Amino acid sequence: MTRGPSWFNVTSIVLGFSFLYLPIVLLVIYSFNESRLVTVWGGFSTKWYVELLQNDQLLDAAWVTLRVAFVSASVATVLGTMAALVLVRSGRFMGRSMFSGMIFAPLVMPEVILGLSLLLLFVAMDQARGFWTVIIAHTTFAMCYVAVVVQSRLVGFDKSVEEAAEDLGCPPIKTFFLITLPIILPGVIAGWMLAFTLSLDDLVIASFTTGPGATTLPMKIYSQVRLGVTPEINAVCTILVVLVSIGVIAASIATKRQQVQRERDERAAFGADG
Amino acid sequence: MSKAASKSKRGLGGWGLIAVPYFWLLIFFLAPFLIVFKISLSQVAVAIPPYFPTFDLAEGWQAFREGLSELSLENYVWLTEDALYWKSYVSSVYIAAVSTLITLLIGYPIAYGMARSPEAWRPTLLMLVILPFWTSFLIRVYAWIGILKNEGLLNQFLMMLGLIDEPLVILNTNAAVYIGIVYSYLPFLVLPLYASLEKLDGSLLEAAEDLGCPPWKAFWKITVPLSLPGVIAGCFLVFIPAVGEFVIPDLLGGSETLMIGKTLWVEFFNNRDWPVSSAVAVILLLILVIPIVLFQNQQQKMAEKNQ
Amino acid sequence: MAKKTIGPVRREFVPWEDPEQTPFIEFRNVTKKFGDFVAVNNLSLKIYKREFFALLGGSGCGKTTLMRMLAGFETPTSGEIFLDGQDLSGIPPFRRPSNMMFQSYALFPHMSVEKNIAFGLEQDNLPKSEIDDRVAEMLRLTKLEQFAKRKPHQLSGGQRQRVALARSLAKRPKVLLLDEPLGALDRKLREETQFELMALQEDLKMTFLIVTHDQEEAMTVADRIAVMDRGELVQVATPSEIYEAPNSKFVADFIGDVNLIEAKVLEKADTGTRMQAVVGDFAIDTEQTTAASVGDTVWYAIRPEKVRIAQGQPEGSVTNQIGGIVWDIAYLGDVSIFHAKVGEDDHDILRATKANISRMVENPITWDENVVLTFDRDAGVILTG
């Protein structure tokens, strides 16, 4: 759409974004509150962050969470990329609609159902629950998100580039690694990041599928939150929010830069024919 | 022509490509539902695992058949007898539907404003909508506790302004649940809506106005119908997960808040009644099957359009 | 009288007229179906070594499918394809000795120009020094030396086209396949590049197969053209034969501009045929013989530039002539096209072009003027289908 925004448009954007960001901003501000009473401002302090560093339980949980997120995001990226290739490239095959159904359903399926069903599977398989069962659970739903992200990248893909590689003597599997993967890499990386943060954030599915010794950070935060709002939790949340925001903003700035550079190059090249 | 035609030949690699993700999802997504269904027909037991019968192939065919005869619909009967369950379902659907409507009313002006903003701003605005999606759900819900509670920031603010004398009770009521759902799911609605509004060709509105249609009417006759796919996709993305929501009713809702996700959680973790919670999950799934299928059909249609 | 030949001859190279010659590429009864759609229907075609061969036709005529079967991207439903005596069936694209230049160029966006050109050579595991030499040669040949380190998006359309060409030539394939290679270029650059392609093909002594929907392009570059329609070959001949002696209404109409006059055969002789036009009711006398019988309805195809137009009765004896009224004039600069109404109906139009050989014209032909249209005995061809 073109045309400039009206006052109404500006107001709705300002109000909308305030609604989205005010709670998080307040949370960040109050993590620097001197007072233990979370909602009463008692002066600036970073003492809750210092206390955090001494909280071994929280740090352990954070470490478990990071490992789970890293492994599950990586496996999910491989599986999700394969699934995206199947969705875009494989044409018709037996059970295709079931396949795409299984990719899209987890995106909207209530987490309690996913969690419960996976737990019952692990019980039925007589599988001890812990680190690895959480990873499998997270991989399963994260791969669907990866598939959707990579799929959108593949849809605009000029297939003749792959044909050109084969035409020049490159076998199909080598073509995938030499040509296709580098071209869709931004989508694959975005998929990995999404899978990583999804795993980092998940409370419900992890609660169902975890076992002794594998308490994740969201589970830890949740159990503390139920007891009430505390400045330490504000501090943990602030750190998480800041880290994720930095990651996302850096990634989007990098993409934007690349795009701008690309456009500049294209403008420079344009007209060389004349 | 030839480019659109699918390849008829599929090598070993091609089948492997399909098989690996397919089997992963069959085992870890589809098979668990069958197990949930089976356990929903079982009975609770004081044992590990806490249900009866369990099937063990080592015990032979006879034991399997005996086990099979132990399965019953008892748990489903129980769900209809105890008002807690059906009230939870009804209330979940109601809360999710109302929240979806509120989210749409708030989200549409935002998406519309974004689509009409100068092109240079749009990537930034888009990122600002996506960013909360990347930050933890739990944290965002948690942030509201400090705002909504009796001595919380909202009440402090309103009392400071002199609008109220006594703190409003919002936390642990359904109102807080509505706020939490709308807040958490707003980006899910704005994103697809913005995508469809942004694609809308501005010259269509100019053509409508040129043909004598005033702007407000052009909005209803042109913009709204053409943004419908975005509205529908967005509403599904809010409604379906909201029905089964657990974290929001648990942290922001009160004892009056009945939502099926929370009921299932309590049944499972507090009462340790796995068969009943499985039955709860099966019914929830049945309720959600229709919107999920509708959503998928719509997604597929949009994907085909893009291709 | 000197023996007349059809049109100018580009070069003395006519292997297809020699029955002893073995074809370099041969399609033998090739059929390709996509579901119910028959893209290529029982087609046989021979192409000779060092030929510049064009497949010409509208979209959906099967020309691209035919080329993609040769490259290996499509498998024929039935029939065989031979290249240099080798049956290609079952050979995947990456093992075929042909290379293709894609319509979209299909340059690898993440690789520099030289990496793109080297790609095919690297697949053959050639020694590094040889690859470097060959890439340098290709860069020189396509005048891309100064762009070697650039990425595709840093190049103009014309430069990208040359990279695609260099890349497909680097492996010195037995046959170079060009899929609408110049479609994305603007007109001027396209014409220049056509001549460059011809020169390149002569220098490298290679076989080129080009797919195009642009008749001018096909006529400029090709030794022979195969005109395709609905999966079948309509005519395979040199550009001048295709233009001057089309074998069907389809070819006559597809290539260039043509008047198609419906006529009845009046008289047949060894020296020619006499016909009567159905519309306008005028006699047509040609030196061409026909298989049609007296009384049959045929089509007489005559190019507008072979119809002369004048304001009065021309001097000397004239074989074929008809009177008309100027209905429309299109001034194109180099030529003008006159639409003369020769029958009762407004659609009964005969077109004649006239070269604008002087800048100033006294008493120019204008609208609604009575004119006389004349043409020679050998000006057109009789078509029966």
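Cut-offs and rules
- Residues numbered from 1 in each chain as written.
- Chains lettered and ligands numbered in written order.
- Predicted model: local features only at pLDDT ≥ 70, side-chain atom pairs only at ≥ 80, totals over all residues.
- Helix = DSSP H or I, 4+ residues; strand = E, 2+ residues; numbered from the N terminus.
- Buried ≥ 20, exposed ≤ 12 C-beta atoms within 10 Å, placed from the backbone.
- Contact = placed C-beta atoms within 7 Å.
- Nonpolar A, V, L, I, M, F, W, Y, C, P; charged D, E, K, R; others polar.
- Pairing = 2+ DSSP bridges.
- Core = buried A, V, L, I, M, F, W, Y, C linked by C-beta atoms within 7 Å.
- Domains from an automatic or database assignment.
- Axes fitted to C-alpha atoms, helices over the stretch in contact; angles between N-to-C directions.
- Parallel < 35°, antiparallel > 145°, perpendicular 65-115°, else oblique.
- Left-handed = near helix turned anticlockwise from the far one by under 90°.

Observations concerning the overall build of chain A
Then step 1. Summing up its helical and strand segments, chain A has eleven helices and zero strands in all.
Then step 2. Starting at the N terminus, the α and β elements of chain A follow one another as α-α-α-α-α-α-α-α-α-α-α.
Then step 3. Each of the three principal axes of chain A carries a C-alpha extent, and together these read 70 × 60 × 35 Å.
Then step 4. Looking at chain A as a whole, 47% of its 274 residues qualify as buried.

With respect to the overall build of chain C
Then step 1. If you tally the helices and strands in chain C, you get eight helices and 20 strands.
Then step 2. By sequence separation, contacts in chain C at least 24 residues apart represent 64% of the contacts at least 6 residues apart.

Here we look at the interface of chain A and chain B
Then step 1. With 72 residues of chain A at the interface, the matching set in chain B holds 83 residues.
Then step 2. Elements with a contribution of two residues or more to the side of chain A that touches chain B: helix H1 (7–30), helix H3 (56–89), helix H4 (96–108), helix H5 (111–124), helix H6 (131–155), helix H8 (172–201), helix H10 (217–225) and helix H11 (231–269) of chain A.
Then step 3. Looking at the side of chain A that touches chain B element by element, the count peaks at 13 residues for H1(A).
Then step 4. Per-class residue counts for the side of chain A that touches chain B are 52 nonpolar, 15 polar and five charged.

A closer look at the environment of Met360(C)
Then step 1. Here Met360(C) is to be found in the loop between strand E18 (349–355) and strand E19 (370–375).
Then step 2. For Met360(C), a count of 5 C-beta atoms within 10 Å gives the class exposed.

Thoughts on the pairing of strand E12 (residues 272–277) of chain C
Residues and elements named next belong to chain C.
Then step 1. Of the two faces of E12, the one holding Thr273, Met275 and Ala277 is buried and the one holding Gly272, Arg274 and Gln276 is not buried anywhere.
Then step 2. Strand direction decides the pairing type here: strand E11 (residues 259–269) and E12, joined by six bridges, are antiparallel. Bridge assignment links Ala263 to a residue of E12, and that residue is Ala277.
Then step 3. Linking E11 back to E12 in an antiparallel pair, the connection comprises two residues.
Then step 4. Summarising the sheet, E12 and strand E13 (residues 283–286) pair through four bridges and their orientation is antiparallel. Opposite Met275, over in E13, you have Ile284 as the bridge partner.
Then step 5. Hairpin connection, E12 to E13: the antiparallel pair is bridged by five residues, and Gly280 has positive phi, about 90 degrees.

Examining unusual backbone geometry
All names here are of chain C.
Then step 1. You will see that Asn42, though not glycine, has its phi angle at about 45 degrees, which is positive.
Then step 2. Mapped onto the elements of the fold, Asn42 is located in strand E2 (residues 37–47).
Then step 3. Taking the number of C-beta atoms within 10 Å as the measure of exposure, Asn42 has 13 and is therefore partly exposed.
Then step 4. A positive phi angle, near 55 degrees, is found at Lys205, a position not held by glycine.
Then step 5. Note on Lys205: 8 C-beta atoms within 10 Å, which makes it exposed.

Concerning the nonpolar core
Then step 1. In this structure, Leu116(A), Ala147(A), Ala111(B), Tyr142(B) and Val280(B) are the most contacted members of the largest nonpolar core, which totals 161 residues.
Then step 2. When residues of this core are assigned to domains, at least three fall in each of domain 1 (34–72) and domain 2 (80–306) of chain B.
Then step 3. Beyond its immediate sequence surroundings of up to four residues, Ala111(B) is in contact with Val190(B), Leu193(B), Tyr194(B) and Leu197(B).
Then step 4. Met67(C), Met219(C), Leu350(C) and Val371(C) belong to the second largest nonpolar core, which has 107 residues in total.

Some thoughts on the packing of helix H7 (residues 160–167) of chain A against H8(A)
Residue and element names in this part refer to chain A.
Then step 1. Running from amino to carboxyl end, H7 crosses H8 at an angle of 125 degrees, the nearest separation of the two axes being 10 Å. Put simply, H7 runs oblique to H8. The crossing of H7 and H8 is right-handed. Contacts from Val161, Glu162, Ala165 and Glu166 in H7 reach Pro172, Thr175, Leu178, Ile179 and Thr180 in H8.

Some words on the packing of H4(A) against H6(A)
Residues and elements named next belong to chain A.
Then step 1. Contact pair H4 / H6: the axes reach a minimum separation of 8 Å and the direction vectors enclose 110 degrees. In terms of axis orientation, H4 runs roughly perpendicular to H6. For H4 against H6, the interelement crossing comes out left-handed. Contact residues: H4 offers Ile103, Pro106 and Leu107, while H6 offers Phe141, Cys144, Tyr145, Ala147 and Val148.
Then step 2. Here the contact of H4 with H6 is composed, by residue class, of eight nonpolar, no polar and no charged.

Section: the sheet that holds E2(C)
Residues and elements named next belong to chain C.
Then step 1. Pairing in this open sheet of four strands is antiparallel, and the strands run E2-E1-E4-E5 from one edge to the other. Strands with a single pairing partner mark the edges of an open sheet, and in this sheet they are E2 and strand E5 (86–87).
Then step 2. Both strand E1 (residues 25–34) and strand E4 (residues 78–83) contribute to a ladder of five bridges, which runs antiparallel. In the strand pairing of E4, Arg28 is matched with Glu80.

Some thoughts on the sheet that holds E19(C)
Residues and elements named next belong to chain C.
Then step 1. If you walk across this open sheet you meet the five strands as E15-E19-E16-E17-E18, and the pairing is antiparallel. This sheet does not close on itself; its edge strands, each paired only once, are strand E15 (308–310) and E18. When strand polarity is set aside, the average angle formed by the axes of neighbouring strands in this sheet is 45 degrees.
Then step 2. Here three bridges tie E15 to E19, and the two strands are oriented antiparallel to one another. Following the sheet pairing, Ala310 is matched in E19 by Val372.

Points about the domain arrangement of chain C
All names here are of chain C.
Then step 1. Partitioning chain C into structural domains gives domain 1 (15–252) and domain 2 (257–383).
Then step 2. Summarising the inter-unit geometry, the C-alpha centres of domain 1 and domain 2 are found 39 Å apart.
Then step 3. In this assembly, five residues from domain 1 lie in contact with six residues from domain 2.
Then step 4. Of the residues in the side of domain 1 that touches domain 2, the class split is three nonpolar, one polar and one charged.

Describing H10(A)
Residues spaced three or four apart along an α-helix face the same direction, because each turn holds 3.6 residues.
Then step 1. Counting buried residues along H10(A), seven of its nine residues qualify, which places the element largely inside the surrounding structure.
Then step 2. Among the residues making up H10(A), those that are buried are Leu217(A), Pro218(A), Met219(A), Lys220(A), Ile221(A), Tyr222(A) and Val225(A).
Then step 3. Residues of H10(A) that are buried sit in contact with H3, H8, helix H9 (204–209) and H11 of chain A together with helix H6 (137–148) and helix H11 (247–252) of chain B.

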